[in-house]
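# Working through the structure, step by step
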Amino acid sequence: MNGTNQLFLYTLIAGITSCLFGLFTIPKVLDYCKEKGLYDIPNARKVHKNAIPRLGGVVFLPSVFVGCIVSFIIYQLNGTSEISISLWTLFFFIGAAAIYATGLIDDIIGLGPLTKLTVQLIAACALPLSGLYINNLHGFCGIYDIPYYIGMPLTVVIVAFISNAINLIDGIDGLAGGLTMIAMAGFFYAFSIWGLTAYSTVIAAIIGVLLPYLYFNIQGDASKNRKIFMGDTGSLTIGFLLAFLCLKISMENPHLPHYPGNGLLIAFTLIAVPVFDVFRVAFLRIRNRRSPITPDKNHIHHKLLRAGCSQHQALCVILLLALLFCLINYILHSYIGITFTVVADILVYTLFHLLLNKKISSKGEKPSLFE
């Protein structure tokens, strides 16, 4: 069996195992939430109208772990060469476990935002301390190599930012999970091309557990206790996983075969929608002299709902926008470079909101560009 077939086999095993494990455990979690009364209660800021179990994210990390273990065991039994685990991979798993535990505690008994941010920053610091950090901006704004003393704090900020971006955009059914699916598909394609079996297997396991979660999240019947949210356990964990993959693909590594040199743009492209949304909402809050972490209803999905979209329509529009960024950047990056490609993304995102504002205005409201 050649390398390509082996990678396909082991990632398929990981994905199917993770999917089946999630499909089996999510109903158990739903029953547990009902027994313990662990619901996400509707309020003026939230979109849903019914109390929904909020521990869907509990199954994410265990499902990924089980899927990877089964795949790696078969990998070894097949007599394939050993998979090496780097120091930053070890630190990543420790950080992911800390983030997962923090989200779980928050979903069950509640934690303050400062406590959650502190854990996120500690987990983020572990990555550059292990040697994984942003060491090259690949020509963005004319910048290439950057020293460790700049790359280290930049990495910590970016990891915390991405982790919270996924948490903040998790506002309607399927949105955080759907955007993560698109991003993971992109990462899987890149890492599989580079022959990184271990990372491709982990990504396949993540995709695997997201499938049953999205089914219960989007199609689940709340009246039958078969609808679930991922909660902070899921959104923070998924955010940290995405941040780690963004670092891995962005860090210039001369020992990585087939590295194309545009990893930073790939990472940005795959998380462009949540990144732009957080920047826009934070700007609006600061402009209105409020804390940038104050909850409100000004995220992109809120605007689409105000424009008359249903939740499912808003979800489709945002996912199509994410795919549009992938298409635009795939076409443009080789012609105009990373800096002007990002500028083009900003213009597209701005145009999208101008059109959205026009639609909202036609319904009797008067939003500004940043509302």
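Anything mentioned here points back to the structure above.
Below is a summary of the structure that appears in this document.

Conventions used here
Residues numbered from 1 in each chain as written. Predicted model: local features only at pLDDT ≥ 70, side-chain atom pairs only at ≥ 80, totals over all residues. Heavy atoms only, no water. Helix = DSSP H or I, 4+ residues; strand = E, 2+ residues; numbered from the N terminus. Buried < 20%, exposed > 50% of the residue type's maximum accessible area, 1.4 Å probe, protein only. Polar contact = N/O pair within 3.5 Å; in protein donor to acceptor, adjacent residues only side chain to side chain. Contact = heavy atoms within 4.5 Å. 1 Å grid on protein atoms, 1.4 Å probe; cavity = no way out; pocket = protein on both sides within 12 Å on 5 of 7 lines; lining within 4 Å. Points joined across faces, edges and corners; volume = space filled by probe spheres on them. Nonpolar A, V, L, I, M, F, W, Y, C, P; charged D, E, K, R; others polar. Patch = residues over 30% accessible without salt bridge, like charges linked within 9 Å, V, L, I, M, F, W, Y side chains within 5 Å. Areas by Shrake-Rupley, 256 points an atom, 1.4 Å probe, with all protein chains shown as cover. Salt bridge = Lys/Arg side-chain N within 4 Å of Asp/Glu carboxyl O.

Along the chain, the position of Thr-233 falls in helix α8 (residues 231–250). With a relative accessible area of 0%, Thr-233 lands in the buried category. Within the structure, the side chain of Thr-233 is placed 3.1 Å from the backbone oxygen of Gly-103, a separation counted as a polar contact. When sequence neighbours within four positions are dropped, the list of residues in contact with Thr-233 reads Gly-57, Val-58, Tyr-100, Gly-103, Leu-104 and Asp-107.

Counted as a void, the second largest pocket has a volume near 860 Å³. Contributing to the lining of the second largest pocket are 27 residues, with Phe-268, Val-275, Phe-276, Phe-279 and Val-342 lying nearest its centre. Of all the secondary-structure elements, those providing two or more residues to the lining of the second largest pocket are β3 (136–140), α5 (148–169), α8, α9 (263–270), α10 (272–287) and α12 (311–361). The element best represented in the lining of the second largest pocket is α12, accounting for 6 residues. Grouping the amino acids of the lining of the second largest pocket by side-chain chemistry returns 23 nonpolar, 3 polar and 1 charged.

A cluster of nonpolar side chains, namely Leu-324, Leu-327, Tyr-330, Ile-331, Tyr-335, Ile-336, Phe-340, Val-343 and Leu-347, defines an oily patch on the protein surface of about 980 Å² accessible area. Looking at the element boundaries, Leu-347 is found in helix α12.

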